[in-house]
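Architecture at a glance
In case you want the letters, here they are:
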Amino acid sequence: MTGHSVIGFFAGYESLVAAVKGALEGRCGEIRTISPIPLPEVNELLGARPSPVRRFTLAGALTGFLVGWALTIGSAQHYPIIVGGKPLLSLTPFGVVAYICTILFGSLFTVAGMLLNARLPRIQVGRGYDPRLTGNRFGLQVICSEQEVEAIKRRLLDYGAEEVKYVEV
Amino acid sequence: MGNSATLRRRLPTYTTVDADLVKTMRPARRPYYLALLCLAAVAAWGGYAWSVQLRTGLGVAGISSPVGWGFYITTFVFWVGIAHSGTLISAVLFLFRVRWRAAIYRSAEAVTVFAVMTAGLFPLIHLGRPWVAYWLMPYKQMGGLFPNFRSPLVWDVFAVSTYFTVSALFFFTGMVPDLAIVRDRSQGWREKVYGFLAQGWQGTNLQWKHYTAAYVFLAGLATPLVISVHSIVSWDFAMSINPGWHTAIFPPYFVAGAIHSGLAMVATIVIPMRRLFGLETFITREHLASMAKFMIMTGMVLGYSYCVEFFIAWYSNNPYERDLFFYRAFGDYAWALWLLVGCNVLAPSLFFIQRVRYSTPWLIGISLLVNVGMFYERFVIIVTSLGRSFDPFMWSVYVPRWPEVSILAGSLAFFFLLFLLFAKVFPVVSMWEVKELLPLPSKEHRA
């Protein structure tokens, strides 16, 4: 099923913020912004919750920590041989390996979490995407019903959009 | 604040940022290809020297008992040290919100990734039989035996490979929004290639939210690596009982040295790049002066470490330590010790003079001296301690032979070759982070 949306292109940040506020007050439907730089204030306006990537980082770090200990202790027990007069389970040196594995797995899980949550990688950019939005323009996309399209277009123009575009989603 | 003020004064628009930085990726002219060719030739010569060593055996190199670690391990430690600047500038300075990093961190990260790649070759070159290097990997080998996790050499495998993985992830992740910018300004096959690399990035609020969160966590995870990787490399030495090696100061001493050499290499690369690509607006003299100030600090830490090493050798009353340090200062390699003190401590202290700090010829000259000094620092640590150990019967003087010198030259060429390729294929300055430093465009002041 095809949905409908309108994208407004803004040259100024203040106009974008005003349009976001207006769209929120007007209960226009799902809203998203597209911008060349991160806009944490707009995310706050949109009531975005903290990114769950942190949970992936924590899960990865804990996994790495356990893998590091399991690898070192497990291998020592699997083939019990005393080397250099050191104890079979030499916890201090094994801790070095566990520490490195913590960082390695934490990083890998962080990137995986980012890709999963940001819905990347994608073969193609989404419909209606415009190259100006990685350059020097801010975009506000409002998902709406077919009947609301014209009203939303007008409203975005009122808030200072330079241009509005209808996009199927 | 002065740096951002400079950027604001000279970079009024987002459009200029994109246009000026994408311009650096335009097809190159003849001198660029000539430079590539020369570097490829030197790298190939290094490859030939290695092939001779492989066919003939390690005997063609100067390393032999007791100096089993000569130029190869010196060069390995040198390159791992060089790699430290990238993570310091990109991750540590990011966490401290140091604004001048935005202009240079991409190049510094590239230095890190390429330096670790170069460093990774040297344990293989050093092995008599590099085709069995996979024995170092943590898997169940013949008879169920695993590598010895109590050995610092195995920690090193873990540390350096993790450092490479995390640095490469950080490097590539940081570049994704810029790759999307390049995609949007390219056509034909370039658009397809950059489109693939940009992974469909659009810059939606959802993508930015997860991206910035991941970036902070990656920076947080990479930061301890700046400290730990070279600490672990230093344990390759400090865990043994050799005079000159068995000392607790090694980890901080190595980390400071790594950052010192890394900053010097970044300056060595960034200054000519800034000139060739016309990036003076983005990489200002303020940025270079900030790096110089950092090098004053690392140089002073190194100077302190050198003094402490000698003091502890004297204060310990251990005859082996005392003799070794006396030998370092006045023996066969005394020239190298005094050279490294001059290059690493005295030369960067010239940066106390403001005129020197802001002069690019001085900056590049001193950075080159630091690069030389840092190589000899590792050389002196490794070679003097092995060649002058406990038993006088075993004492010897190490002299590198042509394959070792050729492979060192080849590694330098390989590194610069990778950087030259990077500079033409990827944006050398982070566009989205430079834009972040600019004031947000308003209606009156249109982007």
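Look up a bit, the structure's there.
What this report covers is the structure whose coordinates are included nearby.

Here is what the cut-offs are and how they apply
- For every chain, the first residue of its written sequence is number 1, and the numbers climb from 1 along that sequence.
- Each chain gets a letter, beginning with A, and each ligand a number, beginning with 1, in the order they are written.
- Only residues with pLDDT of 70 or above have their local features reported here, since the model is predicted, and side-chain atom pairs are shown and tallied only from 80 upward, although totals for entire chains, interfaces and linings are computed over all residues.
- The basis for every side-chain value is the complete set of heavy atoms in the structure, and neither hydrogens nor water enter the calculation.
- Each patch is built from residues lacking any salt bridge and having more than 30% relative accessible area; the joining distance is 9 Å for like charges and 5 Å for nonpolar side chains (Val, Leu, Ile, Met, Phe, Trp, Tyr).
- Accessible surface area values rest on a Shrake-Rupley calculation with a 1.4 Å probe, where residue burial reflects the displayed protein chains alone.
- By definition, a salt bridge exists where a carboxyl oxygen of Asp or Glu is found within 4 Å of a side-chain nitrogen of Lys or Arg.
- A run of H or I in DSSP counts as a helix once it spans at least four residues, and a run of E counts as a strand once it spans at least two, with each numbered from the N terminus.
- Only protein chains enter the accessibility calculation, which uses a 1.4 Å probe; a residue whose area is less than 20% of its type maximum is buried, one above 50% is exposed, and one in between is partly exposed.
- Two strands pair if DSSP finds at least two bridges between them.
- Every axis corresponds to a line fitted to the C-alpha atoms, with the helix fit spanning only the stretch in contact, and the corresponding angles, defined between N-to-C directions, vary from 0 to 180 degrees.
- Contacts are assigned to residue pairs with any non-hydrogen atoms lying within 4.5 Å of each other.
- Two parts lose some accessible area (1.4 Å probe) when they are put together, and adding that loss for both gives the buried area.
- Think of a polar contact as two N or O atoms within 3.5 Å of one another; within protein, one of them needs to be a possible hydrogen donor and the other a possible acceptor, and neighboring residues in sequence only count if both atoms come from side chains.
- Gly is placed with the polar residues, together with every amino acid not listed as nonpolar (Ala, Val, Leu, Ile, Met, Phe, Trp, Tyr, Cys and Pro) or charged (Asp, Glu, Lys and Arg).

**Notes on a nonpolar patch on the surface**
Residue and element names in this part refer to chain B.
- A grouping of Tyr 134, Trp 135, Leu 136, Met 137 and Tyr 139 is seen on the molecular surface, where their side chains present a nonpolar patch of about 460 Å² in accessible area.
- Mapping Tyr 134 onto the fold places it in the loop between helix 6 (101-126) and helix 7 (152-184).
- When its relative accessible area of 45% is taken as the criterion, Tyr 134 is described as partly exposed.

**Here's the deal with the sheet that holds strand 1 (residues 4-10) of chain A**
Residues and elements named next belong to chain A.
- Across the sheet, four strands lie side by side as 2-3-1-4; this open sheet has antiparallel pairing. On the outer flanks of this sheet lie strand 2 (31-34) and strand 4 (163-168), each paired with one strand and no other. Adjacent strand axes in the sheet meet at a mean angle of 25°, parallel and antiparallel pairs treated alike.
- Note that strand 1 and strand 4 share six bridges and pair antiparallel. Along strand 4, the bridge assignment pairs Ser 5 with Val 167.

**Observations concerning the interface of chain A and chain B**
- Taken together, the contact pairs 67 residues of chain A with 58 residues of chain B.
- Across the interface of chain A and chain B, roughly 5,500 Å² is buried in total on both sides, 68% from carbon and sulfur atoms.
- Three residues, A:Pro38, A:Ile100 and A:Thr134, lead the burial of chain A against chain B; their summed loss comes to 10% of the area buried on that side.
- Our enumeration of links across chain A and chain B arrives at zero salt bridges.
- Between chain A and chain B we count 20 residue pairs in polar contact (both at pLDDT 80 or more) in total.
- Listed by contribution, the elements that provide at least two residues to the side of chain A that touches chain B are helix 1 (13-25), strand 2, helix 3 (53-78), helix 4 (91-117) and helix 5 (132-135) of chain A.
- A per-element tally of the side of chain A that touches chain B places helix 4 of chain A first, with 17 residues.
- In the side of chain A that touches chain B, the residues fall into 38 nonpolar, 20 polar and nine charged.

**A look at unusual backbone geometry**
- In this model, A:Leu120 is joined to A:Pro121 through a cis peptide bond whose omega is -5°.
- Of note, A:Pro121 is situated in the loop between helix 4 and helix 5.
- The residue after B:Ser65, namely B:Pro66, is reached through a cis peptide bond having omega 5°.
- Within the secondary structure, B:Pro66 is located in the loop between helix 3 (30-56) and helix 4 (71-82).
- Of note, B:Gln199 is a non-glycine position whose phi angle comes to about 60°, a positive value.
- As for its placement among the helices and strands, B:Gln199 is situated in the loop between helix 8 (188-198) and helix 9 (205-238).
- A relative accessible area of 14% means that B:Gln199 is categorised as buried.
- With a phi angle near 60°, B:Asn317 is a residue other than glycine that sits in the positive phi range.
- Here B:Asn317 lies in the loop between helix 11 (285-315) and helix 12 (319-330).
- The class for B:Asn317 is exposed, based on a relative accessible area of 55%.

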